Structures are given as C-alpha cells and as structure tokens.
Amino acid sequence: MTSRNELRDELVGAGYSVKYLDEWQPKTTLYRHKPLYNIEGSIIFDVGSTVSGVPGNPQYVLRKARIGLFNQPPSDTCECRWCRERLASSTPKRDGNGKFVKKK
Ligand SMILES: [Zn+2]
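Calculation rules
Residues numbered from 1 in each chain as written. Predicted model: local features only at pLDDT ≥ 70, side-chain atom pairs only at ≥ 80, totals over all residues. Helix = DSSP H or I, 4+ residues; strand = E, 2+ residues; numbered from the N terminus. Buried ≥ 20, exposed ≤ 12 C-beta atoms within 10 Å, placed from the backbone. Contact = placed C-beta atoms within 7 Å. Pairing = 2+ DSSP bridges. Core = buried A, V, L, I, M, F, W, Y, C linked by C-beta atoms within 7 Å. Axes fitted to C-alpha atoms, helices over the stretch in contact; angles between N-to-C directions. Parallel < 35°, antiparallel > 145°, perpendicular 65-115°, else oblique. Left-handed = near helix turned anticlockwise from the far one by under 90°. Nonpolar A, V, L, I, M, F, W, Y, C, P; charged D, E, K, R; others polar.

Once that is clear, we can look at the overall build of the protein chain. The number of helices and strands found in the protein chain is four helices and five strands. When its helices and strands are written in sequence order, the protein chain yields α-α-β-β-β-β-α-β-α. Among the 104 residues that make up the protein chain, the fraction classed as buried is 19%. Excluding contacts between residues fewer than 6 apart, the proportion of contacts in the protein chain whose partners are at least 24 apart in sequence is 55%.

Printed below as a string of structure tokens:
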C-alpha cells in the first residue's frame, strides 16, 4: 500500500503538480511522450498523440507516467526522460502544445 505522501512524491517526480492529488478528475486525457511501436518497430502512436477518457486517479496516471504518458503535452521544457532523450537527439523541436516547431 502506497501512502499519500509517497504517491505525491512520485507524482511530482513524474512532472505532476502537488495540487493534482486534490484536483484530479474521474476521466482525463494523457499525452504520449514516448512513441508506441508495433512488433515490427513501426510507430503506431507518435509522441504528442493523446489518449482520452482514461481514469484520472493518481495511482492510474502514475502507472502511465512510468510508460511515458503524462497530462501535459510533450515539450522542450518537459523533464521526463523521453523528452530529455529527444532533445539530446536531432529530432525536430516541439512547442508547448506538442506540435513541431517549423523552421523559418
Ligand atoms: Zn516529456
């Protein structure tokens, strides 16, 4: 059994606000920060795609955070390991909405 404090610390560590524990909704939308591949290695769901209507309870979103799903769009300021890895590589930048930043 995870205590409320442990849950809070893990959620915050995963990029959620402390307030999430008091403000979560029964249903929420999560954003992929990590692409999902099929068995052949092709991308099925790309970074930035959403999964809507999932349970918003802290235990659930925390489980999803461990596999790269968060309640904020992926961005260059995101501190999750997938966004940091992407920034370290040469893939195009994304803005705060998870959209690619177009080169001028
Ligand atoms: Zn991220």
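Here the narrative resumes.
Bringing the environment of S75 into the picture now. The residue S75 is located in the loop between strand 5 (69-70) and helix 4 (81-88) in this model. In this structure S75 comes out as buried when scored by C-beta crowding, with 20 C-beta atoms within 10 Å. A C-alpha to C-alpha distance of 9.6 Å links S75 and F100, two positions 25 residues apart in sequence. Apart from the residues within four sequence positions on either side, S75 is in contact with C83, R94, D95, G96 and G98.

Read from one edge to the other, the open sheet built from three strands follows the order 4-1-5, with strand pairing classed as antiparallel. With partners counted over all chains shown, the strands left at the sheet margins are strand 4 (50-55) and strand 5, one partner each.

To continue, consider the nonpolar core. Membership of the largest hydrophobic core is limited to nine residues, which are L30, Y31, V61, A65, L69, F70, C78, C80 and C83. For this core, the elements supplying multiple residues, two or more each, are strand 1 (27-32), helix 3 (58-65) and strand 5. Residue contacts for C83: discarding those within four places in its chain leaves H33, P74, S75 and C78.

For the rest of this paragraph, the subject is the packing of helix 1 (residues 4-13) against helix 3. Axis separation between helix 1 and helix 3 bottoms out at 10 Å; the angle between their running directions is 40 degrees. In terms of axis orientation, helix 1 runs oblique to helix 3. The chirality of how helix 1 crosses helix 3 is left-handed. Contacts between helix 1 and helix 3 pair L7, E10 and L11 from the former with P58, Q59 and L62 from the latter. Here the contact of helix 1 with helix 3 is composed, by residue class, of four nonpolar, one polar and one charged.

Attention now moves to the environment of P73. Secondary-structure assignment places P73 in the loop between strand 5 and helix 4. Overall, P73 belongs to the partly exposed group, with 18 C-beta atoms counted inside 10 Å. The spacing of P73 and F45 is 28 residues in sequence and 14 Å in space, taken between C-alpha atoms. Those residues in contact with P73 that lie beyond four places of it in its chain are Y31, G48, G96, N97 and G98.

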